[in-house]
Structures are given as C-alpha cells and as structure tokens.
Amino acid sequence: MKKNTIFYFILFLFLFGYHFLYSKECHNKIVCLNSMALIEKMSEFSTAQKELNRISKIHENILDKLAKEFHLKVEKFQKNRNPILKKELVILQARAHAYQKTAADDLTKMQNKLLNPIYKKIDKAIHKVIDKDKNIMRVDDCSPGKGVLVNKGEDITEAVKRELGLTNK
C-alpha cells in the first residue's frame, strides 16, 4: 500500500511537472524578425544612406587632394633631396592622417545621428507588436547573415511592417 502511494505520488508529480513545462512552452513564443526587410522598405533609411554617401564623397575628395599633393612633393623630393621638402612631406603626411581620423569620426557621428532614430522607430514598432501578443518572450533577427541557422519561431516581420506603415493595407 505504501509503495503504491509513493508510486502514484511520483507519477502525479511527473505528469503535473510535464504539464506545467509543456503549458509554459506553449505560452511563451520565440519569434523572428527580418530587420533587413524592414530597413530596406523604410524611406528614412534610403535618405540616410544617400546623405552618408554624400558626406563620404566629400571626405574622399579631400583625402584624394591631400594624396595628390603628397605624391607631387615626393616626386620633387626625389629629384632634389631638399631637407625643407622632406619636412613639408612629414607635415603633409601628418595632416592627411589627422584628416583621415576626423573624416572617420565625422562619418560615425553622422551615421549615429541619422540611423539611431530609425532603429528607435523599429524598436518601438516591435514593442507594440509584442504588447499585442503577450506570449512573445523573445524576438530573434532572422535576416540573412545574422547567424540564425534555424528559427522555428513565428516571423513577425509583416506585423512590424504594418506598425511602421510599410505595407499596403
């Protein structure tokens, strides 16, 4: 009798535990989102890319001018080993390196300024979708190249697109 009671108690715990785990899994969903599909559809991203390309071209042109000036001075220096020209070369090289750093910093700042509002807008839309479906416990990025090999979660990309107004309703 005591063995049967213990057996039924263990069986009850096992079944109850299994049911508890199974029901918890059913209520918490892992979903995926193709962030690249969202970003490609957003006009703000296209505008930001154009602006970043424009700024990048300006910096490239200035760096090209500095490089040409440097090469001309190198040719002059090779013809006549003037110590003054050598000093000018060192100064010009330092200016080019300094400008390269300035250009990189400028592009990084501009990229943050232009893209962060877009990322915040996407994040806000994702949270709206999550708030509508309280069972979502995690959103994975399933964009190509993001490292997600297999994702059996529901794809909420279309729902987030609707929140952003990027689909034909």
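That block above? That's the structure.
It should be emphasised that the depicted structure is a prediction, and the values quoted were computed from it without experimental measurement.

> Go over the sheet that holds strand S2 (residues 136-141) with me, naming the residues and quoting the values.
Here three strands make up an open sheet; going across it, the order is S2-S1-S3 and the pairing parallel. Across the chains shown, the open sheet's two edge strands, defined by having one partner strand only, are S2 and strand S3 (154-155). When strand S1 (residues 29-33) meets S3, the two strands line up parallel, connected through two bridges. When the bridges of S3 are listed, valine 31 appears paired with glutamate 154.

> Describe helix H3 (residues 43-79), with residues and values.
End to end, H3 covers 54 Å across 37 residues, agreeing with the expected 54 Å (1.5 Å per residue, within 8%). Turning to H3, its buried residues are Ala48, Leu52, Ile55, Ser56, His59, Leu66 and Phe77. Where H3 is buried, its residues touch helix H4 (83-132).

> Can you lay out the side chain of serine 143 for me, pointing to particular residues and giving the numbers?
Relative to the helices and strands, serine 143 resides in the loop between S2 and S3. Serine 143 sits in the buried class, given a relative accessible area of 4%. Within the structure, the side chain of serine 143 is placed 2.9 Å from the backbone nitrogen of serine 35, a separation counted as a polar contact. A polar side-chain atom of serine 143 sits 3.1 Å from the main-chain amide nitrogen of methionine 36. Excluding anything up to four places from it in sequence, serine 143 contacts Leu33, Asn34, Ser35 and Met36.

> An account of the pairing of S1 is requested, with residue identities and associated values reported.
With five bridges connecting them, S1 and S2 associate as parallel partners. Bridging across to S2, isoleucine 30 finds its partner in arginine 138.

> Any details on the packing of H4 against helix H5 (residues 157-164)? Residues and values, ideally.
A packed helix pair is summarised by two numbers, namely the angle formed by the two axes and the spacing between the axes. Contact geometry for H4 and H5: axes closest at 9 Å, N-to-C directions at 115°. Between H4 and H5 lies a crossing whose hand is right-handed. Each of Lys121, Ile122, Ala125, Ile126, Lys128, Val129 and Lys132 in H4 lies in contact with H5, whose residues at this interface are Ala159, Val160, Glu163 and Leu164. Looking at the contact of H4 with H5 residue by residue, the class counts come to seven nonpolar, no polar and four charged.

> Go over the pattern of salt bridges with me, naming the residues and quoting the values.
A complete count under the given rule lists nine salt bridges for this structure. With its nearest N and O atoms 2.9 Å apart, the salt bridge here joins lysine 29 to glutamate 154. With lysine 29 in strand S1 and glutamate 154 in strand S3, the pair connects residues that are 125 residues apart, well separated along the chain. Note that arginine 138 is salt-bridged to aspartate 140, the shortest N-O span being 3.0 Å. Classification of aspartate 140 as buried rests on a relative accessible area of 18%. One salt-bridge network, in which partners are shared between bridges, spans Lys29, Asp133 and Glu154.

> Which residues make up the nonpolar core, and what values go with them?
Within the largest apolar cluster, 20 residues are counted, with the highest numbers of intra-cluster contacts made by Ile122, Ile156, Val160 and Leu164. Elements that contribute at least two residues to this core include exactly S1, helix H2 (35-41), H3, H4 and H5. In terms of residue count, H4 provides more of this core than any other element does, seven residues in total. If sequence neighbours within four positions are ignored, leucine 164 has contacts with Leu38, Met42, Lys121, Ile122 and Ala125.

Criteria and thresholds
- Residues numbered from 1 in each chain as written.
- Predicted model: local features only at pLDDT ≥ 70, side-chain atom pairs only at ≥ 80, totals over all residues.
- Heavy atoms only, no water.
- Pairing = 2+ DSSP bridges.
- Helix = DSSP H or I, 4+ residues; strand = E, 2+ residues; numbered from the N terminus.
- Expected span 1.5 Å × (residues − 1).
- Buried < 20%, exposed > 50% of the residue type's maximum accessible area, 1.4 Å probe, protein only.
- Contact = heavy atoms within 4.5 Å.
- Polar contact = N/O pair within 3.5 Å; in protein donor to acceptor, adjacent residues only side chain to side chain.
- Axes fitted to C-alpha atoms, helices over the stretch in contact; angles between N-to-C directions.
- Left-handed = near helix turned anticlockwise from the far one by under 90°.
- Nonpolar A, V, L, I, M, F, W, Y, C, P; charged D, E, K, R; others polar.
- Salt bridge = Lys/Arg side-chain N within 4 Å of Asp/Glu carboxyl O.
- Core = buried A, V, L, I, M, F, W, Y, C linked by side-chain atoms within 4.5 Å.

The quantities given are spatial measurements derived from coordinates; they are silent on function.
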